[in-house]
Amino acid sequence: MENLKVTVFQGYLFWENIDQNLKNIALRLSSGIRENTELIILPEMFNTGFTMNTSLAEQMNGKTMAWMQQLAQKYKCVVTGSLMIGENGNFYNRLIWMQPDGTFSQYDKRHLFTLGKEHETFTAGKKRLIVELKGWKICPMICYDLRFPVWTRNLNGVYDLLIIVANWPEKRALHWRTLIPARAVENQAYVIAVNRVGYDGNEVYHSGDSSCIDPGGKVVYYKRDEEDVYTFSISAEELAKNRRFFPFLNDADDFRLL
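As a starting point, this report considers the structure included with it.

What counts, and where the lines are drawn
- Numbering of residues starts from 1 in each chain and follows the order in which that chain's sequence is written.
- Residues qualify for local features only when their pLDDT is at least 70, as the model is predicted, and side-chain atom pairs are given and counted only at 80 or more; totals for whole chains, interfaces and linings, by contrast, use all residues.
- Where side-chain values are given, they derive from all heavy atoms of the structure, hydrogens and water being excluded.
- Note on pairing: two strands pair once DSSP finds at least 2 bridges between them.
- Helix and strand definitions follow DSSP, with helices as H or I runs of at least four residues and strands as E runs of at least two, each counted in order from the N terminus.
- For every element, the axis is a line fit to its C-alpha atoms; helices are fit only across the contacting stretch, and the angle between N-to-C directions ranges from 0 to 180 degrees.
- What makes two residues a contact is simply this: any of their non-hydrogen atoms within 4.5 Å.
- Residues belong to one nonpolar core when they are buried, are Ala, Val, Leu, Ile, Met, Phe, Trp, Tyr or Cys, and are joined through side-chain atoms within 4.5 Å.
- Burial here depends on accessible area, computed with a 1.4 Å probe over protein chains only, as a share of the maximum for the residue type. Under 20% is buried, over 50% is exposed, and the range in between is partly exposed.
- Just to be clear on terms, a salt bridge is a Lys or Arg side-chain nitrogen sitting within 4 Å of an Asp or Glu carboxyl oxygen.

**A closer look at the sheet that holds strand 5 (residues 104–108)**
Here comes step 1: Ordered in space as 5-4-3-2-1-13, the six strands form an open sheet in which the pairing is mixed. In this open sheet, the two edge strands, each paired with only one partner strand, are strand 5 and strand 13 (228–234). Going from strand to strand, the sheet's axes swing by 30 degrees on average, the running direction of each strand aside.
Here comes step 2: In this sheet, strand 5 lies alongside strand 4 (residues 90–98) in antiparallel orientation, the contact comprising five bridges. Looking across to strand 5, one finds that Trp97 is bridged to Ser105.
Here comes step 3: Of the strands in this sheet, strand 1 (4–10), strand 2 (39–41) and strand 13 are in contact with helix 1 (residues 18–32), which crosses strand 1 at around 135 degrees.

**Some thoughts on the nonpolar core**
Here comes step 1: Judged by nonpolar contacts, the single largest core of 45 residues is most densely connected at Trp136, Ile138, Leu161, Ile192 and Ile234.
Here comes step 2: For Ile234, the residues in contact, after removing those within four places along its chain, are Asn3, Leu4, Trp136, Leu161, Tyr190, Ile192 and Cys212.
Here comes step 3: Counting 23 residues, the second largest nonpolar core, distinct from the first, contains Phe9, Leu29, Met60 and Met98.

**Things to note about the pattern of salt bridges**
Here comes step 1: Following the criterion strictly, the structure yields 17 salt bridges and no others.
Here comes step 2: The salt bridge involving Arg177 is made with Asp209; its shortest N-O contact spans 3.9 Å. Here Arg177 is found in helix 4 (residues 173–187), whereas its partner Asp209 is found in strand 11 (residues 205–213), with 32 residues between them in sequence.
Here comes step 3: Put simply, Asp225 and Arg224 hold a salt bridge, and the shortest N to O gap is 3.4 Å.
Here comes step 4: By relative accessible area, Arg224 is classed as partly exposed at 30%.

As structure tokens, this is what we get:
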């Protein structure tokens, strides 16, 4: 493993306006990325905001997928974030892991936000996704998944980095800020959580609070309220040292996810 250079985009999302969001994100990244990066992380539903309006759902060969591929090619890095996908009569809040060569992996949000009636529109995913980048094993998830420690559990050390992309409202920001370091410490892994900022179409405010927390619970990155494009490195040595000095994962309970 080598150190991994990551760029996060904490941005304002234009409500249900795909073209405006793609244009704004591209512009912000163009002015904000000043060094080579290996991974760009965008928020949940970065092209629409967190909406149940299925008329905005795209196919897997739609404009946003093509845009992600172009972005990955431009920066020669992986680009990830979630969007609304329609497929075989169902709708998914689907995270895409887009590589520069146009190949991709996908993860469908497992825990649908019943308080916001997401479960009435979307179909839940059934499988976690583990991908690899520069020797890092990475587990990307979406927003509400953060609340469920069984689903996020690093059983047998299967991942080194947990990613959460989100539209997490400010009214529950205390929970967000509490759970992110908890997941890092209990799983002895880095956690990078990327949220949006500003009001959405339902007048719900999002304060961002995007973060990177190391396996020991230390803050690598944190930003509140403002749009931000920021690049930082996460340390393979710090990860290995934490697990070597504190081999807590070896004592974890064994279980099987159903």
